[in-house]
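Inside the fold
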Amino acid sequence: MHTSSWLRRYFIIGRTVAGSPGRYPVMRPRRDTDSPRACIATKRGLSGCCKGRPPVYRLDSEYLTPHKFRGSRIRNSGLAIGRSSRENRYMNAQSQRRQAIVDETELTNDHLTPEFGLRLITPNCRLWTADPIGSTENGGSPFPEPYWAFYWPGGQALTRFILDNETLVRSKVVLDVGSGCGATSLACLKAGAQKVIANDIDTDALLSLDLNFEANRGLMNSDGALITVEERLEKTSENLIGICSKEWDVVLLGDMFYDEQFTKLVCDWLDVLHGAGKVIVIGDPGRLYLQSIHGSATRRRSLVQLAEYKMTWQNRSDNICHGFSSGYVWKWTGQS
């Protein structure tokens with residue numbers, strides 16, 4: 001079966017050059033002038049737990065983004081309609097983006113967590129073979145980088161592990177870094193987490209997350225209560241890499257180690273979080289950069305494997321795993 005252009009771009013860039021294939025850009029200036037949104041990334045260094053500021057990314061769009069009038073944080077209570085024409089324009093733009101996601105994705109259960117129906121780009125969707133950088137007029141994507149529309153193998157393994165080990169997050173405040181389609185956040189709510197903070201710098205990912213929660217709203221959690229999204233879910237597009245909050249108990253990362261430079265940055269941050277007593281769990285299919293960190297004699301990182309999950313036949317045949325047959329779950333135990 002033909003491999004998606006998005007999959008080829010994600011894995012080829014992520015494994016061969018220091019480019020940015022996914023949700024969190026590499027620390028270098030970048031502008032994609034062919035997409036409807038231009039992204040400029042600037043770097044500021046880490047300075048320890050709760051000190052200084054993390055690398056900051058600004059996303060400027062023809063669509064009004066939340067940070068332009070109310071900060072980068074998007075809370076699930078929503079923005080009040082009617083307060084200003086600017087906010088109304090923003091809400092209309094968001095509604096159009098939500099509809100575009102519905103039009104360009106398919107609700108599917110063909111993954112390691114069939115309990116959830118998720119809106120994803122599948123081989124049945126137009127975008128599966130669309131030009132990643134082409135214009136919408138020429139059959140390209142209406143989204144700059146829709147990596148949130150794929151359920152990557154590390155994210156699948158991490159979400160499956162949470163569903164199989166609910167005590168990890170039950171009654172805890174959980175940060176889901178690079179939340180993407182929202183499957184891991186949904187699993188945490190189902191497992192009885194006190195609060196879940198879904199974090200992705202792509203605002204389209206947060207809209208996709210909303211749609212996936214709506215599709216699974218009737219799902220019961222472990223104690224028999226309906227998921228109350230408004231009370232237990234917080235969403236933010238702020239770049240939290242480098243921040244250490246006392247509120248967080250558990251930090252989850254799925255498929256975040258796709259670039260060498262970014263992997264080093266994240267690992268420094270994870271050491272800070274571990275030193276502050278956070279439980280850190282990682283989902284990854286065995287990418288080169290995470291494995292090199294694990295086996296580095298100079299940095300002496302310590303990763304403890306918690307589980308291994310075989311990818312479904314459907315995922316492997318669709319090349320969503322791009323040669324990876326398993327997803328692994330690791331616990332970060334810091335520098336030894």
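Residues numbered from 1 in each chain as written. Predicted model: local features only at pLDDT ≥ 70, side-chain atom pairs only at ≥ 80, totals over all residues. Heavy atoms only, no water.

1. Observations regarding the overall build of the chain
We count it as follows: Each helix is a run of H or I in the DSSP string that is no shorter than four residues. Each strand is a run of E no shorter than two, and both are numbered from the N terminus. Burial here depends on accessible area, computed with a 1.4 Å probe over protein chains only, as a share of the maximum for the residue type. Under 20% is buried, over 50% is exposed, and the range in between is partly exposed. Working rule for contacts: check all heavy atoms of both residues, and any pair within 4.5 Å makes them a contact. Here, Shrake-Rupley sampling with a 1.4 Å probe gives the accessible areas, and only protein chains in the shown set may cover a residue.
Scanning the chain for helices and strands turns up 10 helices and 12 strands. Per-residue burial for the chain yields a buried fraction of 57% across its 336 residues. Contacts in the chain between residues at least 24 apart in sequence constitute 70% of all its contacts with a sequence separation of at least 6. Surface summary for the chain: the accessible area is close to 13,800 Å², and the carbon and sulfur share equals 48%.

2. A short note on the packing of aromatic side chains
Heads up, the condition is: In this analysis, rings of Phe, Tyr and Trp, with Trp reduced to its six-membered ring, are considered paired at centre separations within 6.5 Å, and the interplanar angle assigns stacked below 30 degrees, edge-to-face beyond 60, and tilted for intermediate values.
The tally for this structure, following the rule as stated, stands at 6 aromatic pairs. Each ring, one from Trp128 and one from Phe150, has its centre 6.0 Å from the other, and the planes form 50°; the classification is tilted. Of the two residues, Trp128 sits in the loop between strand E5 (118-120) and helix H4 (153-164) while Phe150 sits in the loop between E5 and H4, which places them 22 residues apart along the sequence. A residue is classified by how much of its surface remains accessible, and Phe150, at 3% relative accessible area, is buried. Relative to Trp152, the ring of Tyr147 lies with its centre 6.5 Å away and its plane at 40°, an arrangement referred to as tilted. A relative accessible area of 3% means that Trp152 is categorised as buried. By the ring-pair criterion, three or more aromatic residues cluster together here, those being Trp128, Tyr147, Phe150 and Trp152.

3. A closer look at the nonpolar core
Rules: We define a nonpolar core as any set of buried Ala, Val, Leu, Ile, Met, Phe, Trp, Tyr and Cys residues linked to one another through side-chain atoms lying within 4.5 Å.
Residues Ile162, Val169, Cys188, Leu252 and Val329 are the most contacted members of the largest nonpolar core, which totals 34 residues. At the level of elements, E5, H4, helix H5 (183-190), strand E7 (195-199), helix H6 (203-215), strand E9 (250-254) and strand E11 (301-310) are the ones that each hand at least two residues to this core. Excluding residues that lie within four positions of it along the chain, Val169 makes contacts with Ile162, Val174, Cys188, Ala191, Gly192, Ala193, Gln194 and Val250.

4. Things to note about H5
The buried fraction of H5 amounts to 8 of the 8 residues, a majority that puts the element mostly inside the structure. Just downstream of H5 lies Gly192, where phi reads positive at about 95°.

5. So, the pattern of salt bridges
Here is the rule we go by: Basic side-chain nitrogens of Lys or Arg form a salt bridge, by our definition, when they fall within 4 Å of a carboxyl oxygen of Asp or Glu.
Within the structure shown, the criterion is met by 13 salt bridges. The partner of Asp204 in a salt bridge is Arg97, with the nearest N and O atoms 2.7 Å apart. Placement of the pair is Asp204 in helix H6 and Arg97 in helix H3 (residues 85-104), with a sequence separation of 107 residues. By the burial criterion, Asp204 is buried, and Arg97 matches it. Its salt-bridge partner being Lys264, residue Glu260 comes within 3.8 Å of it at the nearest N-O pair. On the criterion of helical spacing, the pair formed by Glu260 and Lys264 is a turn pair, its members being 4 residues apart in helix H8 (residues 260-275). Of the residues examined, Glu260 reaches a relative accessible area of 44% and is grouped as partly exposed. For Lys264, a relative accessible area of 37% corresponds to the partly exposed category. Beyond isolated ion pairs, a larger network of salt bridges with shared partners links Glu115, Arg160 and Asp164.

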